[in-house]
Amino acid sequence: MKRIIVLLFYIIVSHNCFSQRKVLLDEGWRFHRGNIANAEQTNFNDNSWRNIDLPHDWSIEDLPGTESPFNPNAINGVSVGFTTGGIGWYRKIFTLPANQQNKRISILFDGVYMNSDVWINGVHLGNHPYGYTSFYYDITDKIKRNGKNIIAVQVKNEGANSRWYAGSGINRHVWLIETSPIHVVQWGTYITTPEVSALSANVAIQTKVKNETGASATITLINKIVNAKGVEVARTSSKKDIPANDRYAFKENAIVKSPALWSNENPDLYKAITEVYVGGKLSDKVETKFGIRKISFDAANGFMLNNKPMKLKGGCFHIDNGPLGARSFDRAEIRRVALMKASGFNAIRCSHNPPAPAFLDACDSMGMLVIDEAFDCWTEGKNADDYHVYFKNWWQRDLQSMLLRDRNHPSIIMWSIGNEIPGMDKPSIADTAELLADYVRSIDNTRPVTDAVVGVSDQKDAFFSALDICGYNYANNKYVSDHHRKPNRIMFSTESYPLDAYQSWMDVLDHPWVIGDFVWTGFDYIGESSLGWRGYPQNKNFYPWNLAYCGDIDICGWKRPQSFYRDALWKKDQLSIFVKPLHSSFPVNPKKEPWSIWNWDDVVANWNWKGDKDSIFEVDIYSSCDEVELFLNNKSLGKKPTNRSTKFRTVYNVPYASGELKAVGYDNGEIVKASILKTADKPVQIKLFADRKIIKANNEDLSYVGVELVDKNGIRNPDAKNLIHFKIEGPGTIVGVGNADPQSLESYQLPQRKAWQGRCLVIIKSGKNSGNIILRATTIGLKSAEIAIKVN
């Protein structure tokens, strides 16, 4: 097979022929699963390797020779969803344009899981163990200006190194960065807003410029601030002589009149356009998005955004994107944030590691608050091969990477230095907490430092004293007593059980020093298999379970029952119906620990119980209306109040009869909401619907296509389990399929999927060409369906 050489085209952006400084390097890689000798060498023959584009995750792919990614004997099996890591190799050939003779060249990895080694033209650039922090290498003196350049990357995801699914490989973007010898250093722009009001904002801009020439140079730095409409609203200018091979941190302030303040409701973003001039010629240009906003925290007023009190309606996140595995496509991150926000969340805790930059961009643009978290362990591990192996030598570099990369995101309101760190009652660990917290403040002192503490007690007071905000995991019973002991301590639930949703939120509402609640978890994930059903202790015999099954939203993006209950806690005039099956949905775990309550009630949105006529079913109603009335086939079963005294829920015992179960919600005697479950007939056709029917021809945009099996009246049959086959035509590919069945061992890659609860999901990725994508879905005995997705 003929090898493709990628030429990097640079876009002209000014009359000075200044080129685009950051070029996406995701296309045209080759991949080999497994270890192989000498693959870093330039003369290595990789013709037999697979052609792939990034982001990539081999652990979500089918194991060689199978049609499934799951293996009951996988290393660290139950923790990582019985998927397989190992070693993988990546290689890419590229050339530079002819006009790059005097440029500095670096390669930036947004994230590689994990323990990566990188070579350019056979020269080893370095090793980076942590799978969640971004890193870069200067390759200026190692790159060929005329001719082929070969990048080789070895990734080693070995041993028991994670408590959840982390994926394997180059699962985030890779960039080539080209600058003049005099330039803004990587992540060298730091923007804060120390003074904010409705009338004006003081925008402080720190810019580190490096002179990598052999002579002193006089630098003119200009910072232009433009609003969301592209209108310039402020400008600064400074001049400085920078000696040869030295750097200087410019510090400037600009006043923005009548600023548009960044908030959850109005996430207005500004852009700082930084220009470096040498001798009147543009030498470098960097654009940095930021938001103008004010945050404050205290025990009397809690958390305030732009001087307005706000309670954090939070959810914890792991990094995987469900059927895509750990691949961080921009659109996948945007969709997850959008689904969380639509379900009432206003904050996300990135547990337990820094997320992809694309995720933070999505939070900035949609007004989602973020707790950016660094580590799951420090000196003492939770698994034999986890980050504790690297902590001593790498904690400072990894913290610095997170802080420098992420500090301009207005969505981030707290830095977290860890989660449930072993030994938090030991003086040595409290000292480490102080060391890390002080280091964070030395780089960014505009946000408080937190940590998620489990087993809260006065024995951990020394540890808490290192923090600005105290994270309580599963310890809302300590809020009042600890407030009496430590009245200035600001607290929040860094993790809470789904089943404790009511009390957890009431405690937030009732106590001003408690600023929010973060449920474990907002989005379901692969790994910690059956945490939300079989619970702890986890065991190898949990197979075939591979999903945690504890999220408010499942891995396909569909709301689970607990999310509807949270609607009733957080929003006005909410109403939903669920039914408890007569028999358990899955076998129960007789050895489950009583404290292991990450599950939700065993209820389903289903009124199809053929064969159970006249059996009495428990019908659960979640409601924030004053009262509800339940009807079975238009016959009233009575009204019941739903308010704080009933925990915003009520129960009816209903004899089964097919037809319609309808709940009606009333406020002040007026109907404000209705929720209906209908008995579905046998499915007769497939229904397809896309979240986006127009996507970009950029080789990475996504459309999520829902697939439902419906009866003659268009009602989804929740019992349908048909195997559905997919075919695609046009400029796109199927990059993932799923159904959120926590025990399914099916492939996420093959163009087929069984329905679960009457539905499944197909994820389509655009190519580089415009045109129409046609997706066709077929199954035996049902009318097929197709849908068109336009690619522009």
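Because the structure is predicted, anything quoted here is derived from the model rather than measured.

**Description of the pairing of strand E39 (residues 702-710)**
Point 1. Counted residue by residue, E39 has nine buried out of nine residues, so it is predominantly covered.
Point 2. The side-chain alternation of E39 yields two buried faces, one formed by Leu-702, Tyr-704, Gly-706, Glu-708 and Val-710 and the other by Ser-703, Val-705, Val-707 and Leu-709.
Point 3. Here strand E37 (residues 685-690) pairs with E39 via six bridges, running antiparallel. Each bridged residue has a counterpart across the sheet, and for Gln-685 the counterpart in E39 is Val-710.
Point 4. As defined by bridge partners, E39 adjoins strand E43 (residues 759-766) across seven bridges and the pair is classed as antiparallel. When the sheet's bridge partners are listed, Leu-702 is paired in E43 with Lys-765.

**Focus: the packing of helix H3 (residues 391-406) against helix H4 (residues 427-443)**
Point 1. Look at H3 against H4: their axes get within 10 Å of each other, and the N-to-C directions meet at 30°. Once H3 is placed against H4, the crossing between them reads as right-handed. Contacts between H3 and H4 pair Phe-391, Trp-395, Gln-396, Leu-399, Gln-400, Leu-403 and Leu-404 from the former with Thr-432, Leu-435, Leu-436, Tyr-439, Val-440 and Ile-443 from the latter.
Point 2. Broken down by class, the residue content of the contact of H3 with H4 amounts to 10 nonpolar, three polar and no charged.

**Some details on the sheet that holds strand E32 (residues 627-632)**
Point 1. Here we have four strands laid out as an open sheet, ordered E33-E32-E35-E36, and antiparallel in their pairing. At either margin of the open sheet sits one strand with a lone partner, and together these are strand E33 (635-641) and strand E36 (670-678). This sheet shows a mean twist of 20° between the axes of neighbouring strands, independent of strand direction.
Point 2. Both strand E35 (residues 660-667) and E36 contribute to a ladder of eight bridges, which runs antiparallel. Note on E36: the bridge partner recorded for Glu-660 is Lys-678.

**A closer look at empty space enclosed by the protein**
Point 1. For the coordinates displayed, the defined rule picks out three cavities of 30 Å³ or more.
Point 2. Approximately 190 Å³ is the volume attributed to the largest cavity.
Point 3. Lining the largest cavity are 18 residues, with Tyr-113, Tyr-130, Asn-161, Asp-386 and Tyr-387 sitting closest to its centre.
Point 4. Of the residues contributing to the lining of the largest cavity, the split by class is 10 nonpolar, five polar and three charged.

**Overview of the sheet that holds strand E31 (residues 616-623)**
Point 1. Here we have three strands laid out as an open sheet, ordered E30-E31-E34, and antiparallel in their pairing. Both edges of this open sheet fall to strand E30 (575-580) and strand E34 (649-655), since each of them pairs with a single strand only. On average, adjacent strands in this sheet sit at an angle of 25° to one another, irrespective of strand direction.
Point 2. Relative to E34, E31 runs antiparallel, the two being bridged by seven bridges. When the bridges of E34 are listed, Ile-616 appears paired with Pro-655.
Point 3. Where helix H8 (residues 561-570) meets the sheet, its contacts fall on E30, E31 and E34, and the angle it forms with E31 comes to roughly 45°.

**Side note on the environment of Leu-499**
Point 1. Structurally, Leu-499 is set in the loop between strand E28 (491-496) and helix H7 (501-510).
Point 2. Residue classification places Leu-499 among the partly exposed positions, given a relative accessible area of 32%.
Point 3. Not counting residues up to four positions away in its chain, the partners in contact with Leu-499 are Ile-597, Asn-599, Trp-600 and Asp-601.

**Remarks on the layout of surface pockets**
Point 1. Taken as a whole, the largest pocket spans an internal volume of roughly 1700 Å³.
Point 2. Along its surface, the largest pocket is lined by 47 residues, and Lys-22, Trp-175, Glu-287, Lys-289 and Asp-361 are the ones closest to its centre.
Point 3. In the lining of the largest pocket, the residues fall into 18 nonpolar, 12 polar and 17 charged.

**Here we look at helix H1 (residues 330-342)**
Point 1. End to end, H1 covers 18 Å across 13 residues, agreeing with the expected 18 Å (1.5 Å per residue, within 8%).
Point 2. Residues of H1 that are buried in the fold lie against strand E22 (312-317), strand E23 (347-350), helix H2 (357-366) and E39.

**Considering the nonpolar core**
Point 1. Of all hydrophobic cores here, the largest spans 133 residues; its most connected members are Phe-303, Phe-375 and Trp-378.
Point 2. Sorting elements by how many residues they give to this core places H4 first, with eight residues.
Point 3. Leave out the neighbours within four places in its chain, and Phe-375 touches Tyr-130, His-352, Tyr-387, Phe-391, Trp-395, Asp-398, Leu-399, Ile-417, Gly-418, Asn-419 and Leu-436.
Point 4. With 26 residues, the next largest nonpolar core counts Ile-105, Val-112, Ile-139 and Val-153 among its residues.

Thresholds applied
Residues numbered from 1 in each chain as written. Predicted model: local features only at pLDDT ≥ 70, side-chain atom pairs only at ≥ 80, totals over all residues. Heavy atoms only, no water. Buried < 20%, exposed > 50% of the residue type's maximum accessible area, 1.4 Å probe, protein only. Helix = DSSP H or I, 4+ residues; strand = E, 2+ residues; numbered from the N terminus. Pairing = 2+ DSSP bridges. Axes fitted to C-alpha atoms, helices over the stretch in contact; angles between N-to-C directions. Left-handed = near helix turned anticlockwise from the far one by under 90°. Contact = heavy atoms within 4.5 Å. Nonpolar A, V, L, I, M, F, W, Y, C, P; charged D, E, K, R; others polar. 1 Å grid on protein atoms, 1.4 Å probe; cavity = no way out; pocket = protein on both sides within 12 Å on 5 of 7 lines; lining within 4 Å. Points joined across faces, edges and corners; volume = space filled by probe spheres on them. Expected span 1.5 Å × (residues − 1). Core = buried A, V, L, I, M, F, W, Y, C linked by side-chain atoms within 4.5 Å.

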